[in-house]
Each structure stands twice: as C-alpha cells, then as structure tokens.
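Overview (structure and organization)
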Amino acid sequence: MEPKENGSELGQKVIDGPTNPMVTPLLNDLYQFTMAYAYWKAGKHNERSNPFGGEYTVFAGLEECVKFLANFKLTDEEIDFVQECLPGSEEAFCDYLRGLDCSDVEVYAIPEGSVVFPKVPLMRVEGPVGVVQLLETPFLNLVNFASLVATNAARHRFVAGKSKSLLEFGARRAQGPDGAISASKYCYLGGFDATSNVAAGKLFGIPLRGTHSHAYVSSFMSTDEIVDKVLRSADGKTTCEDFVSHVQTWLKKIQYSPSLSGIFSETNQSELAAFTSYALAFPKTFLALVDTYDVMKSGIPNFCAVALALNDFGYKALGIRLDSGDLAYLSREARNFFCTVERELKVPGFGKMVVTASNDLNEETIDALNKQGHEVDAFGIGTYLVTCYSQAALGCVFKLVEINNQPRIKLSEDVTKVSIPCKKRSYRLYGKEGYPLVDIMTGENEPPPKVGERLLCRHPFNESKRAYVVPQRVEELLKCYWRGSADEAREVLPPLKEIRDRCIKQLENMRPDHMRRLNPTPYKVSVSAKLYDFIHFLWLNEAPVGELQ
C-alpha cells in the first residue's frame, strides 16, 4: 500500500499505511457496513460516539491503528463490492462512502506498551457514528493479537528474569506471514531481546539472532570436505593456513586433560567438520548447536576444540545451543566443562560461554528449569510464544458509551459485561512506595485527582467495595493520538525501541504480587463516587421493570 494522506488537501505530514497492506476499510465484518447504511438511512451517521474497553494486557497495536486512520479511504472498487453485499442500498450511500475519511475522528489512548487492567478503556474514539462504526473490526483486529502476543512475551520475561536473554524463534510456526511478522514485533515490544525473523528485523529494526540447524551439522561427512582452511587473525596480522589441523590439535589436548579425559573418548568427526566450517565462515560470532549426536561425548568437546582454536587467533566464540534432552542437567554439565577448560588450559573467560536453550519452551518449562537449577543464559522460544498457545484470543471489546452527548449503557445478566457509560477520563494513582495503587475513571468534566488529597474510589458495581486513597503521584492515562489529520497537534508515536523500554519499565514498576504467574493479586480498578452514582442511575433508568403475576 502506498502511503497517502487522510484527505487529499491536508498539509505536508504523511503517515505510512499499515504494515500489512490487507488492512483496509474492507477488513470489516459485514454488520459494520449494514449498521453504517442503517445509520445513514436514518440520518444518524453524523451523530457522535466514543467507544472502547478491554481486558488485562500489555497494550499494543496503537501505532497500526493510527496508520489505519491516516490512510482510511474506500476505493471505488471496494465501494462497488459493498453495494453488491447490501442489496437495495441506495446510490447516495455509495457517494457517502466515497467521501468518507477520518478527518472528523479523534482518538485518545493509553500509550502503547503500557500495563493495563480490566474495565479501563484502552482507547476512546470520538467521531461521526457512521465512520466510527467502520473502525470497530479493524481496531479490534489490530489491537487484540498485538496485545495478546506482547502480554505473552512479558509473562515469559517475568518468569525468565531480567538477566536472561529471550530470543523469539517462532516464524515457522506462526499463523501465516502476518502472524509471524506481528509476533516478532510485539514479542520485542513485550521484552524479548531479538528475533530470528529477518523480515521483522528489516521492517522494525529488531536485533537478529540465529546460527545453524541440525541439518547443517549432519550435512558434513568429514573434515576432508572443508576446502578453504585458511583463517586470518582478528587483528589481520597473521594467517592460519590450516585451521582444521589447529582444531584437531586442540581436541587432542582436551582429550588428554586429566579432568576431562573421563567424559569422552572419540567425538563425531562429521560434527567437528561442521563446527570448523561454520567457524571459518563466522569466526566473530561462532555459536554451535551441540545436540545433533551426543551433547557431552561429542558436541561440547568439539565445540571447545573449535572455540580454543579461534581464541588463538583473537576471536571469542559466543557459546552453544541445546535443543533437546534434559536442559537443566545438560546446561550444568556444559558449564562445568567450560569452567574446567578455563582452569586446566588457562583460558580466561572460557567458563562464561553463553548457553542457549530451545526446544518447545514456554512459561511452565522455564519455571520448572528455574526450580531445578540450570546454567542457561538465553532462551529461544517459538511455538508457544507466537501462537499464544495457552489463550487463543484476548477478547477486547468496542462499546458505544455516548451519542449526541447522551451517555449510553449496555446491560447484561453477567455484570462483567455491563459497560461503564459516558465519556471518561482515566488516572493511575501511585502510593508512597512508588507502586501503582489503583486506576480510577471519572466523568469527563470532573476535576482530576490531586496529589495528597483524599479520594474515595469505588468498585463500579459492588457497593461494599470502596476505599479512600491519598495519591502520591497521579498519572492521566488517555492521551490524544489522532485529531482528524496528521497535521493537528497530538502525541508523537515513539519508535518501537522506546515503546519496548516503556513496557519493561512499567512491568518493573508494578507490585510483584500483581504480576506473579500463579494466583496474582487482583489490581484495583475503580470509579469516582460521582460516576458510580451515575452508572447506577442510568442502569435503573434503562433496565425494564418486571411484573409478578
């Protein structure tokens, strides 16, 4: 999709279109167009609304929503198709669609990368109801998966800890190309350090990581296959004419080392050939997959021989990857082997080789590894991460809460599905220790909470749940990210790296019991006393009165 300005005559600022060119106004449920036609037919299409609320998550996808707004325009071909889908619709409605854009729409949102909680609106969308209705499905599509993946990544980061590297390896298992690209982007936002996805690296500037597979190792038969055996030293001053022989010399030294001789005897020579060949190609970033044949009897000794040979010429090998077996045990044994090499062969720093683990990892397996004790420095996570295996969808919703300055409420026998009416402002209140205490929603015209002033916070629906709070810091959550065009004053969309930093900082700033994996303490979300009274007034006003016979 070529970037285009919202409205043909507007200013000089251009916002690129959505990352996926399939994100157009036609990415919609049919009922959005049937409602748009019905609004238009009833003359209600220019009445104004401001919806959106969601569930607990790391909020992501806002940037793509703004790109969608800036480039919202139905083509003639798309309008013709909509007309075919709405038999009997009038030609004047097509003219209405032809002139439709988002120049009368305003969007207020919580900054992308923020930690958010149930009932607090993620976005507030204001504008003519006809066009806002056509934003529902695209917005939910752009926010739901992005936020779900970012939350999943954040949960993996929490269980792995701050000191470990997290690598997203899920492209081959993701739900199609867009699933792969989106997952890479939002896993990085949620706290991962790098991806194996080259396209995502190019599009979003995400650091790339990757070495080789088992197929590369098993493709070699012997060291005789290595044609170019020359290695130039890191400083460029010397050249090793036969690096293969140098590696084999080091392997013999390891074999005859008193502390290591009992661990292995003969290693797999085809594996040694693969490692040597790979090191010749990438001497500065050599990291080997060591479980193709036998980790301790072949993979680790072969890796060490190549790493020691590289060390002689000024290169530092990065480490190993384990992709099968008892990861806790093997990582400990590998670390012991590296430390013994450092001690016995007098190679400073060799014991600090990076140990990367992969093999269908998820939150539960990382938690189990932590309890068993391990020496893994980096986790490569794929399937369970990018497919969000433990939860298929997030479940954000899009609700009408006000039209023509009249608050509206959606009722349900399930109180969790009752919407909170009217245009609202949202605040996060912080306590003395610096942790967030509670999020509170107020009516748009209510005075904001003030630092040091006692404030009654009420549960939206449970009369007995209420508490006084004296905030030490007050943060307003909703900020304006779209005000009709790219030229109007609004919040700047930060780069992905800044959004990631915000996410990590917010997660670290939450009280640990709110963030723990099992049985977390519910975070309090409240409304002001005035909004509480109005919710229940409107509830009683809209709910029909029953009659007993």
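Residues numbered from 1 in each chain as written. Predicted model: local features only at pLDDT ≥ 70, side-chain atom pairs only at ≥ 80, totals over all residues. Heavy atoms only, no water.

Identification of the protein chain as Nicotinate phosphoribosyltransferase from Arabidopsis thaliana is taken from an unreviewed UniProt entry. The protein chain has a UniProt comment under Sequence similarities (unreviewed entry) that states "Belongs to the NAPRTase family." Recorded in UniProt under Catalytic activity (unreviewed entry), the annotation for the protein chain is "5-phospho-alpha-D-ribose 1-diphosphate + nicotinate + ATP + H2O = nicotinate beta-D-ribonucleotide + ADP + phosphate + diphosphate". (UniProt positions renumbered as here; feature names shortened; annotations may be inferred.)

1. A look at unusual backbone geometry
Unlike most non-glycine residues, Asp360 shows phi in positive territory, near 50 degrees. Tracing the chain through its elements places Asp360 in the loop between β12 (354-357) and α14 (363-372). One non-glycine residue, Cys422, lies in positive phi territory at about 75 degrees. (Helix = DSSP H or I, 4+ residues; strand = E, 2+ residues; numbered from the N terminus.)

2. With respect to the sheet that holds β12
As summarised here, the arrangement of the 6 strands in space is β7-β6-β13-β12-β11-β10, forming an open sheet in which the pairing is parallel. In this open sheet, the two edge strands, each paired with only one partner strand, are β7 (194-195) and β10 (287-289). Across 4 bridges, strand β11 (residues 319-322) lies against β12 in parallel orientation. If you follow Arg321 over to β12, its bridge partner there is Thr356. Seen against the sheet, helix α13 (residues 327-344) touches β11 and β12 and runs at an angle of roughly 160 degrees to β11. (Pairing = 2+ DSSP bridges. Contact = heavy atoms within 4.5 Å. Axes fitted to C-alpha atoms, helices over the stretch in contact; angles between N-to-C directions.)

3. Focus: the side chain of Glu363
Following the sequence through the fold, Glu363 ends up in helix α14. Given the relative accessible area of 7%, Glu363 is considered buried. Separated by 3.1 Å, the side chains of Glu363 and Arg155 make a polar contact. The contacts of Glu363, once residues within four sequence positions are left out, are Asn152, Arg155, His156, Val159 and Arg517. (Buried < 20%, exposed > 50% of the residue type's maximum accessible area, 1.4 Å probe, protein only. Polar contact = N/O pair within 3.5 Å; in protein donor to acceptor, adjacent residues only side chain to side chain.)

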